[in-house]
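# What the coordinates show
Given next are the chains, with one letter for each unit.
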Amino acid sequence: MTKPMLLEQALVLSIPMTDLFFLSRVSDDAAAAVGAITPILYFAFTCLWVVAFAGSALTSQRIGNDDYDQANTTIGVYGLWLTGLSVLAALAVYAGGPVIANLMGLPGTINTDAVTYLQITAWMIGVWGIHAFTHSVLTIYGLPHWNLVANSAYFISNVVGNSVVVFGLFGAPEMGLVGVAWVSVLSSLLGVLVAAMAIVIRLRLAIIWSRVMTEFRRHSRQLGRIALPSIAEPLSFDGQMIVLSAIVAVGGATELAARAYTFNTFMALLIVTIAISTATEVMVGQYVGARNYRKANAQLHQSLKAAFIGAGLIGVMFTALAPQIMSLYTDEASLIAMAYVYFGLSLLAEPGRTVNIIVGNSLRGTGDGWYISVTGILFSWLIAVPLAWWLAVEQGMGLVGVLISAALDEGCRSFIYYARWRAGHWQHKNAIAREGLESSR
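What counts and what doesn't
Residues numbered from 1 in each chain as written. Predicted model: local features only at pLDDT ≥ 70, side-chain atom pairs only at ≥ 80, totals over all residues. Heavy atoms only, no water. Helix = DSSP H or I, 4+ residues; strand = E, 2+ residues; numbered from the N terminus. Rg over C-alpha atoms; globule rule 2.2 N^0.38 Å. Buried < 20%, exposed > 50% of the residue type's maximum accessible area, 1.4 Å probe, protein only. Lys, Arg positive; Asp, Glu negative; His and termini not counted. Charge placed at Lys NZ, Arg CZ, Asp CG, Glu CD. Patch = residues over 30% accessible without salt bridge, like charges linked within 9 Å, V, L, I, M, F, W, Y side chains within 5 Å. Areas by Shrake-Rupley, 256 points an atom, 1.4 Å probe, with all protein chains shown as cover. Salt bridge = Lys/Arg side-chain N within 4 Å of Asp/Glu carboxyl O. 1 Å grid on protein atoms, 1.4 Å probe; cavity = no way out; pocket = protein on both sides within 12 Å on 5 of 7 lines; lining within 4 Å. Points joined across faces, edges and corners; volume = space filled by probe spheres on them. Expected span 1.5 Å × (residues − 1). Bend = angle between axes of the 7 residues up to and from the residue. Arc of directions from axis to C-beta. Domains from an automatic or database assignment. Contact = heavy atoms within 4.5 Å. Buried area = accessible area lost by both parts, 1.4 Å probe. Polar contact = N/O pair within 3.5 Å; in protein donor to acceptor, adjacent residues only side chain to side chain. Nonpolar A, V, L, I, M, F, W, Y, C, P; charged D, E, K, R; others polar. Axes fitted to C-alpha atoms, helices over the stretch in contact; angles between N-to-C directions. Parallel < 35°, antiparallel > 145°, perpendicular 65-115°, else oblique. Left-handed = near helix turned anticlockwise from the far one by under 90°.

From N to C terminus, the protein chain includes 17 helices and zero strands. Taken against the 2.2 N^0.38 rule, which gives 22 Å for 441 residues, the C-alpha radius of gyration of the protein chain at 21 Å falls within 12% of a compact globule. Counting only C-alpha atoms, the protein chain reaches 65 × 50 × 35 Å along its principal axes. Across the 441 residues of the protein chain, 57% fall into the buried class. On the protein chain, the mean spot of the 23 positive side-chain charges and the mean spot of the 23 negative ones are 16 Å from each other.

Bringing a nonpolar patch on the surface into the picture now. Among the surface-exposed residues, V87, L91, Y94, W123, M175, V178 and W182 lie close enough to one another that they form a single nonpolar patch of about 630 Å² accessible area. At the level of elements, helix 3 (68–103) and helix 6 (176–203) are the ones that each hand at least two residues to the nonpolar patch. If you tally residues by element for the nonpolar patch, the top one is helix 3, at three residues. Looking at where L91 falls in the secondary structure, it is placed in helix 3.

Further remarks concern empty space enclosed by the protein. Overall, the coordinates contain four cavities of 30 Å³ or more when judged by the stated rule. Roughly 310 Å³ of internal volume is contained in the second largest cavity. Surrounding the second largest cavity, 20 residues form its lining, M241, F263, R353, L403 and A406 being those nearest its centre. Those elements that provide at least two residues to the lining of the second largest cavity are helix 8 (216–249), helix 9 (253–266), helix 14 (339–365) and helix 16 (399–423).

On to helix 15 (residues 370–394), then. The terminal C-alpha atoms of helix 15 lie 34 Å apart, and with 25 residues this matches the ideal 36 Å at 1.5 Å per residue to within 8%. Of all the bends in helix 15, the greatest, near 35°, is centred on S380. Residue G396 follows helix 15 closely and has a positive phi angle near 70°.

Turning next to helix 12 (residues 322–329). Residues of helix 12 that are buried: A322, P323, I325, M326 and Y329. For helix 12, the angular spread of the buried residues around the axis is 160°, confining them to a single face.

Before going further, it helps to spend a moment on the pattern of salt bridges. In this structure the tally under the stated criterion is five salt bridges. Between E215 and R218 there is a salt bridge, and its shortest N-O distance comes to 2.9 Å. Given the relative accessible area of 18%, E215 is considered buried. For R218, a relative accessible area of 32% corresponds to the partly exposed category. R420 is paired through a salt bridge with D368; the nearest N and O atoms lie 3.1 Å apart.

Our focus in this paragraph is the domain arrangement of the protein chain. Looking at the protein chain, the domain boundaries give domain 1 (1–207) and domain 2 (230–440). For domain 1 and domain 2, the distance between their C-alpha centres works out to 20 Å. The interface is formed by 46 residues belonging to domain 1 together with 50 residues belonging to domain 2. Carbon and sulfur atoms supply 71% of the area buried between domain 1 and domain 2, which totals about 4,000 Å² over both sides. Where domain 1 meets domain 2, there are zero salt bridges. Across the domain 1-domain 2 interface, the total number found is seven residue pairs in polar contact (both at pLDDT 80 or more). Here the side of domain 1 that touches domain 2 gets 23 residues from one element, more than from any other, and that element is helix 2 (residues 28–64). For the side of domain 1 that touches domain 2, the class distribution of residues is 29 nonpolar, 13 polar and four charged.

With their axes 11 Å apart at the nearest point, helix 11 (residues 293–320) and helix 16 run at an angle of 155° to one another. Comparing their axes, helix 16 and helix 11 come out roughly antiparallel. The crossing of helix 11 and helix 16 is left-handed. Two secondary-structure elements touch here, helix 11 through A296, N297, L300, H301 and L304 and helix 16 through Y418, W421 and R422. Its residues assigned to classes, the contact of helix 11 with helix 16 comprises five nonpolar, two polar and one charged.

To continue, consider the packing of helix 10 (residues 270–289) against helix 11. It is the contact of helix 10 with helix 11, at a shortest axis distance of 9 Å, that shows an interaxial angle of 175°. Overall, the two elements helix 10 and helix 11 adopt an arrangement that is roughly antiparallel. Along its contact with helix 10, which presents V272, T273, I276, T280, M283, V284, Y287 and V288, the element helix 11 presents Y293, K295, A296, Q299, L300, S303, A306, A307, G310, A311 and I314. A per-class count over the contact of helix 10 with helix 11 returns 13 nonpolar, five polar and one charged.

Right, here's the structure in full:
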């Protein structure tokens, strides 16, 4: 499962990097603006992704229990939820995103560019919600290669479109940041259409909609048991990223640009981690549904080992080539001179982030998400964010202080998450175990 997902995630996660490259051709200010407000878009998408995550986890458990009728009913239920929430999320970003951007204290033209970009890409949020649904369904039923096809269409159209609107190819007008934003919306829509066609043609899901409506409340309750604890910690992380952008903004436009270039470059390491985590979530869910907890535990540790090696090698390579990579984005000498420091500190955060993604998603997928959500949020907001402010602003370390705080945050939370997995509570909190307990009463 992971092999096509690696290619798929390589395409998906390289899109922010390519967007940032094209924006850097417009100006460092345009890149800084989008980098600063990207967490607002991620915040909205997280709300949608968590519903898809919870739905796919429940569906995997049903399949592991060899109950395909209930699995398809679950797909229908979380599909309805995602459709409604996608519309609400798009409207919320369109109306509320600019307000948050103004509160972040972004300087001058950076604030203007940020608001313009948000109001266009708000409509992409609705498309992303449907993408989360189609992606999860294809993954659950063992067709991740169709996600690869869909995201290839997304990536190719994004690169071609950005080349046209930024460099004025084929006689088109140079549209700058506005053009990049509209290309993002339209190319994401193309990717979703390809994935939807694959589901209709290849899967032909036998969803009985009368059953979906009859059992909507019961399945929604199970969905909430996974989604509610799952949404808290990712939303906290995205909120934390917004606050950290505001902290970095104190240092000015150059610091914001440095953070955008560093953060988006290191998203490439997530190619390995997220691909492995997605496959792990499905496999662990099926093992748990079959009550084979030994295999579930072995799969998680095998996945961690693979992610450490894969992401670690990429991170070391990026750090070794830090000045060369930074020079692809900008000619600013101060940013290129600090590239080793920025990339090196980002690399320190990766082992912890790998554990948090893989172990955290596995815990949430099995219904044991509340503990890590609460403890993770408390640690981040009571310790990591104040530490970032103290280092960046009070001690005058700027972006370096923020990166040090992020490394400590990821590392400390990884110990909390792994200890929770080792405690084994997830063996008794999954949907199959709960329903077995309820039926015995």
